[in-house]
Amino acid sequence: MAITSYPFDSQTVTETQFSQLFREFADSGVAASAASSSFNVSADGATMTVKVQPGFAVVRGHAVLSTAVETLTIAAAGTSARHDRVVLRLDPAANQIALAVLQGATGGAAPVLTQTETGIYELSLATITVGANITAITSASVSKERAFVGNSVGTWINATRPTAPRLGKLGYNYDSDSFEFWDGSTWAPLVSSVSWSSLTGKPATFPASVHAHDWAEITNRPASLPPAAHKHPWGDITGAPSTYPPATHSHSWSSITSKPSTFPPSSHSHSGYLEAGDTIAWANGSKQPHNNSASGSGTWYAVWVEGNGRFCRNTSSIRFKENVRDIEIRPRDVLSLRPVIYDRKATEERPDPRKNEVGLIAEEVEQTLPWLVNYLDGQVDGLRYDLLGVALLPVVQDQAARIERLEAQIEELARAA
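Here, residues in each chain are numbered from 1, in the same order as that chain's written sequence. For a predicted model such as this one, the threshold for reporting local features is a pLDDT of at least 70, and the threshold for listing and counting side-chain atom pairs is 80 or more; totals across whole chains, interfaces and linings nevertheless cover every residue. Hydrogens and water molecules were not included; the side-chain quantities draw on all heavy atoms of the structure.

Here the focus is the pattern of salt bridges. The salt bridge definition used is simple: a Lys or Arg side-chain nitrogen within 4 Å of an Asp or Glu carboxyl oxygen. Here the structure, examined in full by the defined rule, presents 11 salt bridges. Here Arg85 makes a salt bridge to Glu145, at a shortest N to O gap of 3.1 Å. With Arg85 in strand S7 (residues 82-91) and Glu145 in the loop between strand S10 (142-144) and strand S11 (148-149), the pair connects residues that are 60 residues apart, well separated along the chain. Residue class for Arg85 comes out buried when judged on its relative accessible area of 16%. Secondary structure is summarised from DSSP: a helix means a run of H or I of at least four residues, a strand means a run of E of at least two, and numbering begins at the N terminus for each. Burial here depends on accessible area, computed with a 1.4 Å probe over protein chains only, as a share of the maximum for the residue type. Under 20% is buried, over 50% is exposed, and the range in between is partly exposed.

Here you go:
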């Protein structure tokens, strides 16, 4: 494997070698401050020409120096708009870097730059928008695309930092222990300090989202909380009994209202109801429990009642499912649900209304979460309360995400302060 080193005395060094060496010292670009006019492209607004100011640039390790304003002609406009490019083109075969105009396709974007490793290399200075049927290039048609080189990162103290650097000069100041840059008139910190008063676009208030606090986290809480007259929804009560066995009591026949005067029996039958000893085939994922106490070994399941009155176990394994896909549940739809307490109407079999039942109104739930609603004979009938836990998951996930974002913002503000 050959090893080549250069440049040394009495040694021939090619332009390819010099180009390869110099491109490691500087990227391609205009060697001037970003605020300067070096190789700036402008239009006079009266003709189909643009002017390019004098300047010095480095293109792929080669240098180019222009000492006078150059005028470039833009090709005549067509019936549709196009985009041209003004470039510095390096042509090693011609031993030159020259200004050129790349004409774009009608109705298309600006031409793609040619940037090869050892051949033609084009450095864009500006894009020219050539409108349909125009006869002059205006300043609004010229979009600057100059890249700049020559700024390096320095290290200094206040007394030794540069006094007239290029725009964007970056350095580390040992006195302030921070990075700073030249903004054209003064040295400004690279990272500005942020205070609440300096923030723009901040909200005037922060409406609280649904959340909870541990009692131990609350400051200035009272030592005791004398109860005032108030009510609690049934859903807020913990440790409530699941049933209320009635105490021994009796009702006199005269105290019963709306009772029929007679009870003539009629011929009838029952179907779809469980009778003692009835069973349903286990192969379809269901069994028909009847008069069975919760004892013995084995797995116990939640029970569904099918539309035909049959009981079946509630299964969740993927082997019973197909066409599985995500469901979008909006937290605000869940939070809009209205828990209510109500009395259930009396029936012929149960003449006394059931008092103080707790739940939701199915017609209200149907407006936002119709998949929780059961229908019978085309009418809203009941709710899948067993699926409310699924509906609550996105609410909890949304609240967790909000808490994490708020904690992150608080930590960021605390660090900035």
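After presenting the structure, the write-up continues.
Attention shifts here to unusual backbone geometry. The residue Ser258 is not glycine, and still its phi comes out positive at about 60 degrees. On the basis of relative accessibility, which here comes to 77%, the residue Ser258 falls in the exposed class. Positioned with a positive phi, Asn323 is a non-glycine residue whose angle comes to about 55 degrees. One can find Asn323 in the loop between strand S17 (311-313) and helix H2 (331-335). By relative accessible area, which is 58% here, Asn323 ends up exposed.

On to the sheet that holds strand S6 (residues 70-73). Two strands pair if DSSP finds at least two bridges between them. Taken together, the three strands give an open sheet; going across it, the order is S2-S3-S6, and neighbouring strands pair in antiparallel fashion. Two strands close off the open sheet at either side, each with one partner strand: strand S2 (41-43) and S6. Between one strand axis and the next, the sheet turns by 35 degrees as a mean value, whatever way the strands run. Note: S2 against strand S3 (residues 49-52), three bridges, orientation antiparallel. Bridging from a neighbouring strand, Ala43 pairs with Val50 of S3. To get an axis, a line is fitted to the C-alpha atoms, and for a helix only the part in contact is used. The angle between two axes follows their N-to-C directions and goes from 0 to 180 degrees.

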